[in-house]
Amino acid sequence: MRDPDGLIARAGVRGDPDRDQHFLVDDRVLDRLPTYLEEIDADTSHLLEVGGGTGALTDRLLAVGDEVTVVERDRDLAAFLREEFAAEIDAGELTVVEGDALEVELPDFTASVSNLPYGVSSEIAFRLFPEKKPLVLMFQQEFAERMVAEPNTSEYGRLSVSSQHYAEIELVESIPKEAFSPPPAVQSAVIRAVPREPDYTVADEDFFLRFVKALFTQRRKTIRNAIRNTAHISGLAEPEAVVDAADEAVLRKRAGAMAPSEFAALAQLAWEVGDPDDS
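Everything numeric in this text was worked out from a predicted model, so none of it was measured.

Visitor: Describe the packing of helix α9 (residues 158-166) against helix α10 (residues 205-216), naming the residues involved and giving the relevant values.
Guide: Running from N to C, α9 and α10 cross one another at 160°; their axes reach a closest spacing of 9 Å. The angle between the axes of α9 and α10 places the two elements in the roughly antiparallel class. As for the relative orientation of α9 and α10, their crossing is right-handed in sense. Contacts from Arg158, Val161, Ser162, His165 and Tyr166 of α9 reach α10 at Glu205, Phe208, Leu209, Val212, Lys213 and Phe216. Split by residue class, the contact of α9 with α10 holds six nonpolar, two polar and three charged.

Here you go:
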């Protein structure tokens, strides 16, 4: 395996917190990350890495995947990856895509292992989740804890419901600041997301996610008042019709106490009687 510090030296770069660049340099962590896919016997024939940096994780993924695609938005780092891994590129084992992971066309990957840029980690995660592929992703610790949180906990929120809608999510490892160069201001954590079909159905997924977002903007209010107060977010033309049709026990709850399946049932009712727009 290539030495992370050696890669940084050859690239002639330094991490830049202002540009959300923190290079993972701990060999033990780097070596463990691909194993979280191996534990679930995931298909590693085409691995996607978002934010390749200087290639320390890329190197590990090449050791376990038949093919790797790395997306790197920094022009200089993308050029370095093409130079450093020229042999692997020539062999058809590696593709370097220069561009923003929120905008470029993603390949037909089988799984992803990525140390995401924290500033856009949420947006990237929710681009990857609908692909329904196993994911091993690194986030800020607080963000990861919110993804796996259960109802009636302080961490539980819109992120919890939306993430768990797509996958079974597990926080598999906390990563100290010292594992990075330069160290970030916060601790990090790795989650593993295994795609699954939820144990409920929704008529329109976009509306369901928008409805969850709307109710959590009023998490201190009862569901009754949250429905009434957030029609401009949920897009409901007839919020009162939803309130009239909903079960009283649900209306007395608050968003933080609602399980994903309860949100789904309420969103289904809102879809049927609340005349939502299709934006």
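From this point on, the discussion continues.
Visitor: So what's going on with empty space enclosed by the protein? Residues and values would help.
Guide: Sizing a probe to match a water molecule and rolling it over the atoms shows the empty space that remains. Throughout the structure, instances matching the rule amount to one cavity of 30 Å³ or more. Estimated volume of the largest cavity: approximately 30 Å³. Around the largest cavity, the lining residues are Phe129, Lys132, Lys133, Leu135, Tyr166, Ala167, Ala193 and Pro195. By residue class, the composition of the lining of the largest cavity is six nonpolar, no polar and two charged.

Visitor: Account for the UniProt feature "domain: Ribosomal RNA adenine methylase transferase N-terminal" (unreviewed entry) in the protein, naming residues and giving values.
Guide: The positions UniProt marks with the feature "domain: Ribosomal RNA adenine methylase transferase N-terminal" (unreviewed entry) are residues 29-197. Between the first and last C-alpha atoms of residues 29-197 the distance is 30 Å; the span itself is 34% helix and 27% strand.

Visitor: Explain the pattern of salt bridges residue by residue, including any values.
Guide: Considering all chains together, one arrives at 19 salt bridges under this definition. Across the pair Glu84 and Arg10 runs a salt bridge, and its minimum N-O distance is 3.0 Å. Taken together, the residues span a long stretch of sequence, with Glu84 in helix α5 (residues 75-84) and Arg10 in helix α1 (residues 4-11) at a distance of 74 residues. Residue Glu84 is classed as buried on the basis of its relative accessible area, which comes to 17%. With its nearest N and O atoms 2.4 Å apart, the salt bridge here joins Arg224 to Glu248. With a gap of 24 residues between them, Arg224 in helix α11 (residues 223-229) and Glu248 in helix α14 (residues 248-251) connect regions that are remote in the sequence. Here Arg224 falls in the partly exposed class, since its relative accessible area comes to 21%. Each member of the salt-bridge network shares a partner with another, and the members are Arg2, Arg10, Asp59, Glu84 and Glu88.

Visitor: Which residues make up the sheet that holds strand β5 (residues 111-115), and what values do they have?
Guide: Hydrogen bonds between backbone atoms are what pair the strands of a sheet, whose relative direction is either parallel or antiparallel. If you walk across this open sheet you meet the seven strands as β4-β3-β2-β5-β6-β9-β7, and the pairing is mixed. Of all strands in the sheet, those bounded by a partner on one side alone are β4 (94-98) and β7 (167-175). Strand-to-strand twist in this sheet, taken as the mean axis angle between neighbours without regard to direction, amounts to 20°. Summarising the sheet, strand β6 (residues 135-140) and strand β9 (residues 188-195) pair through six bridges and their orientation is antiparallel. Looking across to β9, one finds that Leu135 is bridged to Ala193. Most of the contacts of α5 go to β4, to which it runs at about 165°, and overall it touches β3 (67-72) and β4. Its contacts with the sheet place α9 against β7 and β9, and it is angled at close to 115° to β7.

The rules we used
- Residues numbered from 1 in each chain as written.
- Predicted model: local features only at pLDDT ≥ 70, side-chain atom pairs only at ≥ 80, totals over all residues.
- Heavy atoms only, no water.
- Axes fitted to C-alpha atoms, helices over the stretch in contact; angles between N-to-C directions.
- Helix = DSSP H or I, 4+ residues; strand = E, 2+ residues; numbered from the N terminus.
- Parallel < 35°, antiparallel > 145°, perpendicular 65-115°, else oblique.
- Left-handed = near helix turned anticlockwise from the far one by under 90°.
- Contact = heavy atoms within 4.5 Å.
- Nonpolar A, V, L, I, M, F, W, Y, C, P; charged D, E, K, R; others polar.
- 1 Å grid on protein atoms, 1.4 Å probe; cavity = no way out; pocket = protein on both sides within 12 Å on 5 of 7 lines; lining within 4 Å.
- Points joined across faces, edges and corners; volume = space filled by probe spheres on them.
- UniProt positions renumbered as here; feature names shortened; annotations may be inferred.
- Salt bridge = Lys/Arg side-chain N within 4 Å of Asp/Glu carboxyl O.
- Buried < 20%, exposed > 50% of the residue type's maximum accessible area, 1.4 Å probe, protein only.
- Pairing = 2+ DSSP bridges.

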